[in-house]
Each structure stands twice: as structure tokens, then as C-alpha cells.
Amino acid sequence: MTSANNLPPNLWHDCDVIYEQHQSLCLQLQDDHQLNVNLLLLAIWLDKQHQRLTLAHWAQLQQDVFVWEQKLLLPYRKLRRLGKTSLNKEEYQQMLSLELMLERKSQAMILNALESMQLEQQTSTDTRDNLSHYLSLFDLDSHDYLSLRGH
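In short, a report on the structure. Predicted, not measured: the structure shown is a model, and the values here were computed from it. (Residues numbered from 1 in each chain as written. Predicted model: local features only at pLDDT ≥ 70, side-chain atom pairs only at ≥ 80, totals over all residues. Heavy atoms only, no water.)

Another aspect to go through is the overall build of the chain. Across its full length, the chain carries 6 helices and 3 strands. Ordered by position in the sequence, the α and β elements of the chain form the string β-α-α-β-α-α-α-β-α. Computed over C-alpha atoms, the radius of gyration of the chain comes to 16 Å, within 12% of the 15 Å expected from 2.2 N^0.38 for 151 residues, which places it in the range of a compact globule. In terms of principal-axis extent, the alpha carbons of the chain reach across some 55 × 30 × 25 Å. A separation threshold of at least 6 residues defines the contact pool for the chain, and within that pool the share at least 24 residues apart is 76%. Where the 13 positive side-chain charges of the chain centre and where its 19 negative ones centre are 5 Å apart. (Helix = DSSP H or I, 4+ residues; strand = E, 2+ residues; numbered from the N terminus. Rg over C-alpha atoms; globule rule 2.2 N^0.38 Å. Contact = heavy atoms within 4.5 Å. Lys, Arg positive; Asp, Glu negative; His and termini not counted. Charge placed at Lys NZ, Arg CZ, Asp CG, Glu CD.)

Before going further, it helps to examine the packing of helix α3 (residues 55-71) against helix α5 (residues 89-114). Contact geometry for α3 and α5: axes closest at 10 Å, N-to-C directions at 145°. The interaxial crossing formed by α3 with α5 has right-handed handedness. Residues Leu61, Asp64, Val65, Trp68 and Glu69 of α3 lie in contact with α5, whose contacting residues are Leu102, Lys105, Ser106, Met109, Ile110, Ala113 and Leu114. A per-class count over the contact of α3 with α5 returns 8 nonpolar, 1 polar and 3 charged. (Axes fitted to C-alpha atoms, helices over the stretch in contact; angles between N-to-C directions. Left-handed = near helix turned anticlockwise from the far one by under 90°. Nonpolar A, V, L, I, M, F, W, Y, C, P; charged D, E, K, R; others polar.)

Looking at where Asn130 falls in the secondary structure, it is placed in helix α6 (residues 130-136). Overall, the relative accessible area of 0% leaves Asn130 in the buried class. Within the local environment of Asn130, its side chain forms a polar contact with the backbone nitrogen of Leu53, the two atoms lying 2.9 Å apart. Beyond its immediate chain neighbours, meaning those up to four positions away, Asn130 contacts Ala43, Leu46, Asp47, Gln51, Arg52, Leu53, Trp58 and Gln122. (Buried < 20%, exposed > 50% of the residue type's maximum accessible area, 1.4 Å probe, protein only. Polar contact = N/O pair within 3.5 Å; in protein donor to acceptor, adjacent residues only side chain to side chain.)

Turning to the packing of aromatic side chains, a few remarks are in order. Evaluated as defined, the whole model comprises 2 aromatic pairs. Aromatic pair Trp58 and Tyr134: ring centres 5.6 Å apart, planes at 55°, arrangement tilted. Of this pair, Trp58 sits in helix α3 while Tyr134 is found in helix α6, placing the two residues 76 residues apart along the sequence. Here the two residues Trp58 and Tyr134 agree in accessibility, since each one is buried. A ring pair is formed by Tyr134 and Phe138, whose centres lie 5.3 Å apart and whose planes are at 70°; its orientation type is edge-to-face. Summarising the burial analysis for this pair, Tyr134 and Phe138 share the class buried. (Phe/Tyr/Trp six-rings, centres within 6.5 Å; stacked < 30°, edge-to-face > 60°.)

Inspection of the secondary structure assignment puts Cys26 in helix α1 (residues 11-33). Looking at Cys26, the relative accessible area reads 0%, which means it is buried. Each C-alpha atom of the pair Cys26 and Leu140 lies 13 Å from the other, and the pair is 114 residues apart in sequence. In this structure, Cys26 is in contact with Tyr19, Val37, Leu40 and Leu41, ignoring residues within four places of it in sequence.

Quick look at the packing of α3 against helix α4 (residues 73-83) now. Between two packed helices, both the angle of their axes relative to each other and the distance between the axes serve to describe the pair. The N-to-C vectors of α3 and α4 enclose an angle of 45°; their axes lie 3 Å apart at closest approach. Classified by the angle between their axes, α3 and α4 sit oblique to one another. Side by side, α3 and α4 meet where Trp68, Glu69, Gln70 and Lys71 of the first sit next to Leu73, Leu74 and Pro75 of the second. Tallied by class, residues from the contact of α3 with α4 come to 4 nonpolar, 1 polar and 2 charged. (Parallel < 35°, antiparallel > 145°, perpendicular 65-115°, else oblique.)

The subject of this paragraph is the layout of surface pockets. Its boundaries defined by the atoms lining it, the largest pocket holds a volume of some 420 Å³. As for the largest pocket, its lining consists of 17 residues, and the residues nearest its centre are Tyr19, Leu27, Val37, Leu100 and Glu103. Secondary-structure elements contributing two or more residues to the lining of the largest pocket are α1, α2 (37-48), α4 and α5. Sorting elements by how many residues they give to the lining of the largest pocket places α5 first, with 6 residues. Around the second largest pocket, the lining comprises 18 residues; the ones closest to its centre are Gln30, Gln34, Leu35, Leu74 and Arg77. Contributions of two or more residues to the lining of the second largest pocket are made by α1, α2, α3 and α4. Its residues placed into classes, the lining of the second largest pocket shows 7 nonpolar, 5 polar and 6 charged. (1 Å grid on protein atoms, 1.4 Å probe; cavity = no way out; pocket = protein on both sides within 12 Å on 5 of 7 lines; lining within 4 Å. Points joined across faces, edges and corners; volume = space filled by probe spheres on them.)

What follows is the structure, given as C-alpha cells:
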């Protein structure tokens, strides 16, 4: 086991690259199932690093982020989407920039929560990986989203 506080500083940059590859599916999962895109990207990234969190850790991360996002990020996102048709391009871009700042705050909260968790080394015999664990919190089967694995 390794401590999650040994995660590299470029973690979110790497997750941004993953997001660019899967943006439409990530947003679809966010909109249709209320997944947290940052946690989804973290799950994919950890799987690529052969590191694993337990299902209980994923549930805790989801709960911690959900409480904060319910108060601020999700209402703001809804407001931004409602304003899209009535705002000029610059005003809308300003709203989008603020939402991205709130997303970065979520990422910082996730990293802070991860500091108290232990990562386990994934083995080839593991039947459940991070993506499976995270999607299962929403009653989703990771086999339905094989593209997220790069297959």
C-alpha cells in the first residue's frame, strides 16, 4: 500500500488530457447520472497507474464532493446553462471561467480527502478497478463504458 499523498503534482493536468479524449461521454455521464467528472477522471487515471482505492473510499470521496457541489457548483452550473441564450459571448465565457475555477476547488478538495487514504497496488487478478468501483456507486456497469479504459 502507498499513501495517496504521494500523488504527482501534474495529476490534474494528466486528467485534463483524459477529459479531452472523452469529453462528450464524461459530460453525458455527468448530466444523465450526476457523476462527478473529476472523480471519474481520477478513477481512470489511477487505473492507468495500477493503483486502487476501495469501494468505501470511492463512496466517501463522492459524498464529500457531493455535499460541497450541491451547495455551490451545481447551482452555479445550472445558472450558467440557463444564461447561455441570454448572455453575450464574453459574459458567458466569464461564467464558464468561474465554473472552471469551482471545478479546480473540487479537485483540491479531492486531493485533500485522498491524503488520508491508502492506495493499493492493482494486480492482474483484481476483478474490480477504480472505474468499476466509481461507476457502481451510480448502478452503472463499467463494461458499458469500455472506451473510458482505452479499449
